[in-house]
Amino acid sequence: MGRRRAMGYWLGAYALLAGVSPLQAQPSVPPAELVQRAIAAAATQFGEEPTQITVAKVQPRVWSDGCLGLGGLRPNCPERLTPGWEITLTNPNAPYPQQWVYRTNQSGSLLLWDAAGSQMIGTLIQRPQRLAPDDQPPALPESAIFRVIRQTTLDRPPQTTLLFRDGRIVQETPTQRGDTLTRTLRTISPALVTEFTTLLEERRFQRFDGIDFVAPSTTVPVASNIISTPTATVRIAEANEYRLASDLVAVLRAWEMLIERGQLPKKP
């Protein structure tokens with residue numbers, strides 16, 4: 001009973017911050033029609049029979065923004081706390097693990113698929129997919145703890161930015177002469193290095209290892225980033241950052257702030 005009251009208090013407090021009265025905070029279970037919409041979306045999106053999809057879990061959430069925590073770096077994503085639900089669906093009769101996670105707002109006007117939170121094995125769905133062996137980057141240099149390799153076009157070599165244990169943020173840019181221009185963008189404190197590595201652990205960056213969010217394309221290649229730690233690598237398309245999970249977006253925002261300001265976002 002105490003836990004239920006605590007959850008109600010937590011939701012009410014966040015609802016107030018979001019500009020929603022506590023009386024409007026969502027109950028623990030969304031309307032049945034909203035769950036059915038999620039089932040219909042999964043059936044259409046992944047080629048499943050609606051009757052084979054069941055609800056594994058439903059949790060009330062307060063999302064970090066108006067894009068339900070999936071806004072990525074979109075400047076037009078409303079910066080307001082948004083009450084809603086996280087709906088996890090599964091097919092218990094499938095011969096392979098299947099799990100689809102959807103996020104909604106309180107009214108149900110937004111229903112978004114959480115790609116990173118979903119688990120799809122044995123399907124023909126291309127997003128997300130496994131990073132091909134040929135696309136795997138080389139291992140991080142010794143003493144490097146984070147790296148972003150940015151590839152804009154195939155005719156231009158990628159630019160690499162690294163964070164080292166001693167706090168140096170180093171950028172390597174290939175030149176037309178065939179050599180590499182290396183410069184130190186800034187040096188952050190040991191405390192910030194520790195804080196950033198803690199953020200990677202708290203945001204479970206490891207769970208994105210081997211995931212490729214760049215859809216196969218026969219047209220013009222998109223700008224992409226290959227992001228690595230010593231134990232995990234993920235590739236994302238810059239144009240699709242708004243589709244990423246909030247944990248991955250939090251890492252990207254923290255990294256950008258480290259480079260631009262030598263700071264990390266303040267914890268709420």
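One structure accompanies this document, and this report is about it. Please read all numbers here as calculations on a predicted model, not as lab measurements. (Residues numbered from 1 in each chain as written. Predicted model: local features only at pLDDT ≥ 70, side-chain atom pairs only at ≥ 80, totals over all residues. Heavy atoms only, no water.)

**Side note on the pattern of salt bridges**
For the structure shown, the criterion picks out six salt bridges. In this structure, Glu86 and Arg61 form a salt bridge, with 3.1 Å as the shortest nitrogen-oxygen distance. Here Glu86 is found in strand S2 (residues 82-90), whereas its partner Arg61 is found in strand S1 (residues 54-63), with 25 residues between them in sequence. Look at Arg61 and you get partly exposed, because its relative accessible area is 28%. A salt bridge links Asp135 to Arg235, with the shortest nitrogen-to-oxygen separation between them at 3.6 Å. In this pair, Asp135 sits in the loop between strand S6 (129-130) and strand S7 (144-151) while Arg235 sits in strand S13 (residues 233-237), placing the two residues 100 residues apart along the sequence. The exposure class of Asp135 is partly exposed, given its relative accessible area of 30%. Residue classification places Arg235 among the buried positions, given a relative accessible area of 15%. Each member of the salt-bridge network shares a partner with another, and the members are Asp135, Asp212 and Arg235. (Salt bridge = Lys/Arg side-chain N within 4 Å of Asp/Glu carboxyl O. Helix = DSSP H or I, 4+ residues; strand = E, 2+ residues; numbered from the N terminus. Buried < 20%, exposed > 50% of the residue type's maximum accessible area, 1.4 Å probe, protein only.)

**Here's the deal with the side chain of Thr233**
Assignment of secondary structure puts Thr233 in strand S13. When near neighbours in sequence (up to four residues on either side) are disregarded, Thr233 contacts Leu131, Gln136, Pro137, Phe208, Asp209, Gly210, Ile211, Ile226, Ile227 and Ser228. (Contact = heavy atoms within 4.5 Å.)

**So, unusual backbone geometry**
Most peptide bonds adopt trans geometry, and most residues besides glycine take a negative phi value. We note that Leu68 has phi near 65°; this positive angle belongs to a residue other than glycine. In this structure, Leu68 sits in the loop between S1 and S2. According to the relative accessible area criterion, Leu68 is buried, its value standing at 0%. Unusually for a residue other than glycine, Arg204 sits at a positive phi of about 55°.

**A look at the nonpolar core**
Among the nonpolar cores identified, the biggest contains 42 residues, and Leu89, Phe146, Phe196, Phe205 and Val234 are the most heavily contacted of them. Taken together, the elements giving at least two residues each to this core come down to helix H2 (32-46), S2, strand S3 (98-105), S7, helix H3 (190-202), S13 and helix H4 (246-261). Tallying contributions element by element places H2 first for this core, with seven residues. Once you skip the residues sitting within four places of it in the chain, Phe196 turns out to touch Phe146, Leu163, Val251, Ala254, Trp255, Leu258 and Leu264. Residues Leu140, Ala144, Phe164 and Val170 belong to the second largest nonpolar core, which totals five residues. (Core = buried A, V, L, I, M, F, W, Y, C linked by side-chain atoms within 4.5 Å.)

**Quick word on the pairing of S7**
The element S7 is extensively covered by neighbouring structure, given that six of its eight residues are classed as buried. The pairing of S7 with strand S8 (residues 159-164) spans six bridges and is antiparallel. Looking at S8, one finds that Phe146 is bridged to Leu163. Bridge count between S7 and strand S12 (residues 224-228): five bridges; the pairing is antiparallel. Opposite Val148, over in S12, you have Ile227 as the bridge partner. (Pairing = 2+ DSSP bridges.)

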